[in-house]
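Working through the structure, step by step
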Amino acid sequence: MKSEILYEKAKKLMPGGVNSPVRNFQSVGDTPRFISRAQGARLYDIDGNEYIDYIGSWGPMILGHANPEVLEAVRRAAENGLSFGAATEAEVIMAQLICDLVPSVEMIRMVNSGTEATMSAVRAARGFTGRNKIIKFEGCYHGHSDAMLVKAGSGVISSGVPSSLGVTPGCANDTLTAVFNDIGSVQDLFANNKDQIAAVIVELVPANMGVVLPKPGFLQDLQRICAENAALVIADEVITGFRLGLGGAQEYYGLKPDMTAFGKIIGGGMPVGAYGGRKDIMQQIAPCGGVYQAGTLSGNPVAMAAGIAQLTKLKNNPQIYSHIDSLSAKFSSGLRELLKVTGVAATVNAIGSLSTLLFTEQEVHNYTDALTCDTKRYGRFFSAMLKQGIYLAPAQFEAAFISYSHTEADIDRTLECAEKALRAL
Ligand code: KE4
């Protein structure tokens, strides 16, 4: 395969031959396919193989790849120049769009990735409260800034290293970890770190230990306990923002976080992140206040054009959400049916257009549950699906993303392939 040849060359030039660990198929024991182009719900690799794509660039491609309106907006913007390092109208339009669609966000700052968004939100929370400690949940992934790489999810779990080398004890000591869906673990941390906790950062629906659903009342209890302790809630909606609906997971669960981090969908496939929230907090950000944060390409006009086009399409066509959610429900219920008829020990966690097939006998409500998954078995399932032209996440602890370009026929075909793959396990 040309992919194999290119992979050998890539490995000599880049760690693991990739620019992001989850792409290198290590945890599924396969060879990464080098993608040449994508269209709608399809990926095409350099060997000419076609795949039904369930990654969607890890979430951004909610409309499907190469959406004509998004591409046209990028072309038009690019013809006017790629980057100015100066204020532009596009940033105002983007900021207005997000603030209109997410009521808890009164002010916002654009950055270039989800990592930058969460890292900056954490710094803002520390600056605003004058406190040092942060609570995160085991298995949640908030990007690769030092403070977040403690018992993190996504590629960190898949790499088998629960935390990263290179994160100093001083940094790690200020990151406390709680157990998702266990409100007592949060209460204990607040009791043992009185008046020291600046914020709790949480994926309202974790999707980096596989998809894990919040138990009824958990998020509401979390919000209440933070308020009682004068700590901020930072909702990491990098995946769920504009995915679970225009108002994201916070609208879905009726929450009002103090700050929210965004990424992925708001960039339409271009490098964009953002963080925002209460005006009194955001006013602490330079140049208004003493919390410094900056970025050469933040609010880049071409990236803004892509994000504005995608968000506008979503805003003007809310039926997109019922379409992707119903296809995803068909996918999840079909998988659950197949698990019954094949007797394979696995469980499906799903919400909206997100789902994960987790290869474990038990239910998965937190990080410890997720770690019972048979990742080797997932790897065999992944490879069997890939051979049939179905491109799932190349790691157990990720999500499958359905886009507006997927069809009923795609789901039917995927389920046929899944039956063959499950029976061959
Ligand atoms: P980025 O820095 O990768 O744009 O965003 C970091 C991030 C923050 N918060 C959440 C909830 C996230 O899921 C992510 C990144 N997601 C992973 C996939 N699980 C990106 C894929 C990758 O690391 O290559």
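Conventions used here
- Residues numbered from 1 in each chain as written.
- Predicted model: local features only at pLDDT ≥ 70, side-chain atom pairs only at ≥ 80, totals over all residues.
- Heavy atoms only, no water.
- Helix = DSSP H or I, 4+ residues; strand = E, 2+ residues; numbered from the N terminus.
- Rg over C-alpha atoms; globule rule 2.2 N^0.38 Å.
- Buried < 20%, exposed > 50% of the residue type's maximum accessible area, 1.4 Å probe, protein only.
- Contact = heavy atoms within 4.5 Å.
- Areas by Shrake-Rupley, 256 points an atom, 1.4 Å probe, with all protein chains shown as cover.
- Lys, Arg positive; Asp, Glu negative; His and termini not counted.
- Charge placed at Lys NZ, Arg CZ, Asp CG, Glu CD.
- Expected span 1.5 Å × (residues − 1).
- Polar contact = N/O pair within 3.5 Å; in protein donor to acceptor, adjacent residues only side chain to side chain.
- Axes fitted to C-alpha atoms, helices over the stretch in contact; angles between N-to-C directions.
- Parallel < 35°, antiparallel > 145°, perpendicular 65-115°, else oblique.
- Left-handed = near helix turned anticlockwise from the far one by under 90°.
- Domains from an automatic or database assignment.
- Buried area = accessible area lost by both parts, 1.4 Å probe.
- Near = heavy atom within 4 Å.
- Nonpolar A, V, L, I, M, F, W, Y, C, P; charged D, E, K, R; others polar.
- Pairing = 2+ DSSP bridges.
- Core = buried A, V, L, I, M, F, W, Y, C linked by side-chain atoms within 4.5 Å.
- Salt bridge = Lys/Arg side-chain N within 4 Å of Asp/Glu carboxyl O.

A word on the overall build of the protein chain
- Within the protein chain one finds 15 helices and 14 strands.
- Here the C-alpha atoms of the protein chain give a radius of gyration of 21 Å, agreeing with the 22 Å that 2.2 N^0.38 yields for 425 residues.
- Principal axes of the C-alpha set define a box for the protein chain whose edges measure 55 × 55 × 45 Å.
- Burial analysis of the protein chain (425 residues in total) assigns 57% to the buried set.
- Looking at the protein chain alone, contacts between residues at least 24 apart form 72% of all its contacts between residues at least 6 apart.
- In the form shown here, the protein chain has an accessible surface area of approximately 17200 Å², with 53% of it arising from carbon and sulfur atoms.
- In the protein chain, the 37 positive side-chain charges and the 41 negative ones have mean positions that sit 4 Å from each other.

Points about helix 4 (residues 114–129)
- Here helix 4 spans 22 Å end to end across 16 residues, near enough to the 22 Å set by a 1.5 Å rise per residue.
- Within the sequence span of helix 4, burial applies to Gly-114, Thr-115, Glu-116, Ala-117, Thr-118, Ser-120, Ala-121, Val-122, Ala-124 and Ala-125.
- Where helix 4 begins, the capping side chain belongs to Ser-113, and its oxygen is found 3.4 Å from the backbone nitrogen of Thr-115.
- A positive phi of about 75 degrees marks Gly-130, the residue just after helix 4.

A few points about the packing of helix 14 (residues 375–387) against helix 15 (residues 408–423)
- Relative orientation of the contacting elements helix 14 and helix 15 amounts to 130 degrees, with a least axis distance of 9 Å. For the element pair helix 14 / helix 15, the angle class is oblique. As helix 14 packs across helix 15, the resulting crossing turns out to be right-handed. Here helix 14 contributes Phe-381, Ala-384 and Met-385 to the contact with helix 15, which in turn contributes Thr-414, Cys-417, Ala-418, Ala-421 and Leu-422.

Observations regarding the domain arrangement of the protein chain
- By domain assignment, the protein chain separates into domain 1 (2–66 + 318–424) and domain 2 (68–316).
- Relative to domain 2, the C-alpha centre of domain 1 lies at a distance of 25 Å.
- Contact with domain 1, which involves 36 residues of that partner, is made by 39 residues of domain 2.
- Each partner contributes to the roughly 3100 Å² buried at the junction of domain 1 and domain 2, and carbon and sulfur atoms together form 66% of this total.
- If you sort the residues of domain 1 by the area they bury against domain 2, Tyr-321, Ile-351 and Tyr-367 come out on top, with a joint share of 24%.

Concerning the site of the ligand
- What surrounds the ligand is a group of 17 residues, the closest being Ser-20, Thr-115, Asn-208, Asp-236 and Glu-398.
- Here Thr-115 contributes a side-chain N or O atom positioned 2.7 Å from an oxygen atom of the ligand.
- Its free accessible area being 540 Å², the ligand has 87% of it covered by the protein chains.
- When its residues are assigned to classes, the shell around the ligand shows five nonpolar, eight polar and four charged.
- Residues from two domains meet in the shell around the ligand; each of domain 1 (2–66 + 318–424) and domain 2 (68–316) gives at least three.

Regarding the sheet that holds strand 14 (residues 400–401)
- As summarised here, the arrangement of the three strands in space is 11-12-14, forming an open sheet in which the pairing is antiparallel. Strands at the two margins of the open sheet, each flanked by one partner only, are strand 11 (347–351) and strand 14.
- As defined by bridge partners, strand 11 adjoins strand 12 (residues 354–358) across five bridges and the pair is classed as antiparallel. Residue pairing for strand 12: Thr-347 is matched across the bridge by Leu-358.

Regarding the nonpolar core
- If you look at the biggest cluster of nonpolar residues, it comprises 71 residues, and the most contacted ones within it are Phe-242, Ile-266 and Leu-314.
- Summarising the domain contributions, this core has at least three residues from each of domain 1 (2–66 + 318–424) and domain 2 (68–316).
- If we ignore the near neighbours within four places in the chain, the residues touching Phe-242 are Ile-62, Ile-98, Leu-101, Val-102, Gly-248, Phe-262, Ile-265, Ile-266, Leu-311, Leu-314 and Tyr-321.
- Grouped together as the second largest cluster of nonpolar side chains are 43 residues, Cys-140, Leu-204, Tyr-367 and Ala-399 included.

Here we look at the pattern of salt bridges
- Throughout the structure, instances matching the rule amount to 18 salt bridges.
- A salt bridge links Lys-340 to Glu-337, with the shortest nitrogen-to-oxygen separation between them at 3.5 Å. Of this pair, Lys-340 and Glu-337 both sit in helix 12 (residues 319–342), separated by three residues, roughly a single helical turn.
- When salt bridges that share partners are traced, they join Arg-42, Glu-50 and Asp-410 into one network.

Quick notes on the sheet that holds strand 2 (residues 42–45)
- Read across the open sheet, the four strands follow the order 1-2-3-13; overall the sheet is mixed. Lying at the two open borders of the sheet, with one neighbouring strand each, are strand 1 (35–39) and strand 13 (390–391).
- In the sheet, strand 3 (residues 50–53) pairs with strand 13 via two bridges, with the strands oriented parallel. From the neighbouring strand, Ile-52 faces strand 13, where its bridge partner is Ile-390.
- The sheet contacts of helix 15 involve strand 2, strand 3 and strand 13, and relative to strand 3 the element is tilted by about 105 degrees.

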